[in-house]
Amino acid sequence: MIAPLVAIFVYLIYKGAVSLNLDFFTRNPVPVGELGGGMANAIVGSAILLGVGSLIGVPVGISGGIFLAEFGRGSRLATAIRFTADVLNGVPSIVMGIAIYSLIVVPQKHFSALSGGVALGIMMIPTVCRTTEEMLLMVPHAVREAALALGVPNWRSVLAITVKTASPGIITGCMLAFARVAGETAPLIFTAFGNSNWTVNPNEAMAALPLQIYVYALSPYDEWHKLAWAGSLVLIVLIVAAVSLVRYVTSRGVLKGAS
Amino acid sequence: MPEIHISQAQLQPEAPSPGGQGPGNRASNEVSRVRVHLLSRGNSAWADRGFHWLMVICALTIFGIVALIATELVLRSQLAWSKFGFKFFFSHFTNPDTKLPLYWDPVNGHFSALPFLYGTLVSSFLALLIAVPLAIGVAIFLTEMCPQLLRGPLAFVTELLAAIPSVIYGLWAVTILVPLMREQVNPLLFKLLGWTGLTSDDNPTGLGFLTAGVILAVMILPIISSLTREVMSTVPHSQREAVLALGATRWEMIRIAVLRNARIGIVGAIILGLGRALGETMAVAMVIGNSPEIHRSILANGSTMASVIANEFSEASDELHMSALIEIGLALFVVTIIVNAIARMLVWAVTRGAPAQTR
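The structure displayed is predicted, hence computed values, not measured ones.

**Q** Where do I start with the overall build of chain A in this structure?
**A** Scanning chain A for helices and strands turns up 12 helices and 0 strands. The N-to-C order of helical and strand elements in chain A reads α-α-α-α-α-α-α-α-α-α-α-α. Referenced to the eigenvectors of the C-alpha coordinate spread, the extents of chain A come out at roughly 70 × 45 × 35 Å. Taken over 259 residues, chain A has a buried fraction of 54%.

**Q** Looking at this structure, how should I read the overall build of chain B?
**A** When its secondary structure is counted, chain B shows 14 helices and 4 strands. For chain B, the proportion of its 359 residues judged to be buried stands at 41%.

**Q** How do you make sense of the nonpolar core when you look at a structure like this?
**A** The nonpolar side chains of soluble globular proteins are, as a tendency, buried together. All names here are of chain B. With 180 residues, the main nonpolar core has Ile215 and Val287 as its most contacted residues. Sort the elements by how many residues they give to this core and helix H8 (residues 209–233) lands first, with 16 residues. Filtering out sequence-adjacent residues up to four positions away, Val287 remains in contact with Gly170, Ala173, Val174, Val178, Leu207, Thr211, Ala212 and Ile215.

**Q** What should I look at first to understand the packing of helix H5 (residues 93–108) of chain A against helix H3 (residues 45–76) of chain B in this one?
**A** Each packed pair of helices is defined by two parameters, the angle between the axes and the distance between the axes. Closest axis-to-axis distance for the H5(A)/H3(B) pair is 9 Å, and the angle between their directions is 80 degrees. One element, H5(A), and the other, H3(B), form an angle in the roughly perpendicular class. Taking contact as the criterion, the partners of A:Ala99, A:Ser102 and A:Leu103 in H5(A) are, on H3(B), B:Leu68, B:Ile69, B:Glu72, B:Leu73 and B:Arg76. Here the contact of H5(A) with H3(B) is composed, by residue class, of 5 nonpolar, 1 polar and 2 charged.

**Q** Explain unusual backbone geometry here, please?
**A** A negative phi angle characterises most non-glycine residues, just as the trans form characterises most peptide bonds. Residue and element names in this part refer to chain A. The residue Phe193 is not glycine, and still its phi comes out positive at about 70 degrees. Relative to the helices and strands, Phe193 is located in the loop between helix H10 (186–189) and helix H11 (209–217). The class of Phe193 is buried, set by 22 C-beta atoms lying within 10 Å.

**Q** Can you walk me through the confidence of the model for chain A in this structure?
**A** When pLDDT is averaged across chain A, the result is 84; 93% of the residues are at 70 or more. Contacts from residues 254–259 of chain A, a stretch scored under 50 in pLDDT, to residues over four places away or in other chains number 13 contacts.

**Q** I'm lost on the packing of helix H7 (residues 141–149) of chain A against helix H8 (residues 154–165) of chain A in this one. Help?
**A** Residues and elements named next belong to chain A. It is at 10 Å that the axes of H7 and H8 come closest, and there the two elements cross at 155 degrees. Judged by the angle between their axes, H7 and H8 are roughly antiparallel. The element H7 and its partner H8 pack so that their crossing is right-handed. Where H7 approaches H8, its residues Val143, Arg144, Ala147 and Leu148 are matched on the opposing element by Ser157, Ile161, Thr162 and Thr165.

**Q** Can you help me understand helix H4 (residues 76–90) of chain A in this one?
**A** Count 3.6 residues to each turn of an α-helix, and residues three or four apart come out pointing the same way. The terminal C-alpha atoms of H4(A), which comprises 15 residues, lie 21 Å apart, in line with the 21 Å expected from a rise of 1.5 Å per residue. Restricting attention to buried positions, one finds in H4(A) the residues A:Ile81, A:Arg82, A:Thr84, A:Ala85, A:Leu88 and A:Gly90.

**Q** Teacher, can you tell me more about the environment of A:Gln212 here?
**A** Residue and element names in this part refer to chain A. Mapped onto the secondary structure, Gln212 falls in helix H11. Exposure remark for Gln212: the 27 C-beta atoms within 10 Å place this residue in the buried category. If near-sequence neighbours (up to four positions away) are discounted, Gln212 is found in contact with Met39, Ala42, Gly194, Ala207 and Gly231.

**Q** Teacher, can you tell me more about the environment of A:Ala192 here?
**A** Residues and elements named next belong to chain A. Mapped onto the secondary structure, Ala192 falls in the loop between H10 and H11. Residues Ala192 and Leu49 lie 143 residues apart in sequence; the distance between their C-alpha atoms is 8.4 Å. Excluding anything up to four places from it in sequence, Ala192 contacts Leu49, Phe111, Ala113, Gly116, Ala205, Met206, Ala208 and Leu211.

**Q** Which parts of the structure should I look at to understand the confidence of the model for chain B?
**A** A low pLDDT score tells you not to read the predicted coordinates there in detail. All names here are of chain B. On average, chain B scores 80 in pLDDT, and the residues at 70 or more come to 85%. With pLDDT under 50 throughout, residues 1–24 is counted as low confidence; its partners more than four residues away or in other chains account for 35 contacts. Predicted confidence for residues 354–359 stays below pLDDT 50, and this span has 5 contacts to residues more than four positions away or in other chains.

Calculation notes
- Residues numbered from 1 in each chain as written.
- Chains lettered and ligands numbered in written order.
- Predicted model: local features only at pLDDT ≥ 70, side-chain atom pairs only at ≥ 80, totals over all residues.
- Helix = DSSP H or I, 4+ residues; strand = E, 2+ residues; numbered from the N terminus.
- Buried ≥ 20, exposed ≤ 12 C-beta atoms within 10 Å, placed from the backbone.
- Core = buried A, V, L, I, M, F, W, Y, C linked by C-beta atoms within 7 Å.
- Contact = placed C-beta atoms within 7 Å.
- Axes fitted to C-alpha atoms, helices over the stretch in contact; angles between N-to-C directions.
- Parallel < 35°, antiparallel > 145°, perpendicular 65-115°, else oblique.
- Nonpolar A, V, L, I, M, F, W, Y, C, P; charged D, E, K, R; others polar.
- pLDDT = per-residue confidence, 0-100.
- Left-handed = near helix turned anticlockwise from the far one by under 90°.
- Expected span 1.5 Å × (residues − 1).

Printed below as a string of structure tokens:
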């Protein structure tokens, strides 16, 4: 079972490294036939999309997790919300794409990075929410009771004591959600749409790394295939770095008890 | 899981009475100072209640999002629904020239989701056929016979395999798997199984149901194997020891004690993998060939519900075409919800008694 992974990895690194150069990071895509060109706009676009996504997904996800763990424990509402989060987690990304298309793109009448970011943010919510809940449940009751016994109001006790204690785990959840949506293509096809020019305006169609890889992979041009491999290498290095960092942090306990 | 450790330092700002447990009026003095301090930092009933409601609202947002998606899909697919009704999912038209069945013809306004349902089912079924034995094998290896040294790295690799974006699987499939299928596997399968009609040699591209099934299998393998591993590790050790003590060999022990006890959870894990395979879009859209037809051969080109949306949605010109695509999306949404709910319930039923659960 490791064979496919090794095959993908070796091929990816080989192909990616061959076609990766400085131009890739600093130049925009060029028309077919011209040599060179890069994916600078796609890298920046991905960063903006993920930024918008995190702005939506992380606060809502963490708050939902706090509700599940601190306020709604055992209540029927909490069970329903937990189940809904699981459902949301299983919604195919392409369905998320068409839903956001008809919710935001149709009324706006144009594709925008904003709508893509919203789609990614919504996809982050369930992962963040469930990990936050699990981490908060692991905080011992004595800690909460100690805070309350000192006369600390409940909201301060939750934010400054419970959440802070569980912060390494919550950060892990956020990173995992981030890594998961970083490679999503399907919800971006009809929302961020892709763009071959440089733009940082979130109200315009914007390029993203996975989108660009998709377009280039299906093109018949060798030059573009090479760029797709280089893009994949960059994307995968990003994701592997995030996942390994999470693993390192959680296993070594670098953040253990720190705040 | 990080160990929970709370230092005294974190509590300090909340409790500005270091060592203030002295007797007599000193204590009351301290208490009032604590109260003053807390009052100045927002210790009031409305702050508490406000925070509570803020969290409730955020949690309800999750409800809202799912409801919003559902209503939006239903509203936008009204046109196709009113025109075709339930027949959308199992009818077909006949091409007046060739007398062949015609399923999907956007130019003349003929829409039927049948080939996409078929494609989704066939590719997911092939994926499960390939992935399930492998995944259970990996899980048995990891829980029962793997040396301790290998266990960590292998679990890490499984995690990584799950984190690779689907578009990269698709890129790999297009450049490596498709030529491999075209030149080696498909001719071989035709030679061996051609007489059944399940394989044919009329598709020279190397794309098709089987290629999509293989790439889906690679993608769902980590999910199934990690969940199976989780379920297997909840089987109590005493069960294994009891079976071994009765003189069972290692394989018998795994079969009798572990697999039989964990079977509900394993089925749950498989269904969860199925849920992922049904909704998987990009990798499948890149290798399945994208033709809205039904073929008996698993080597023929096809199309799945997700892939047809990905391919045609941005080019859908008229309202009816778009509405039909959204209805396919709605069907996909409903099916994955049902599949995921069943799987969650099965997994939950098994791991409920596990000590890891804190409830």
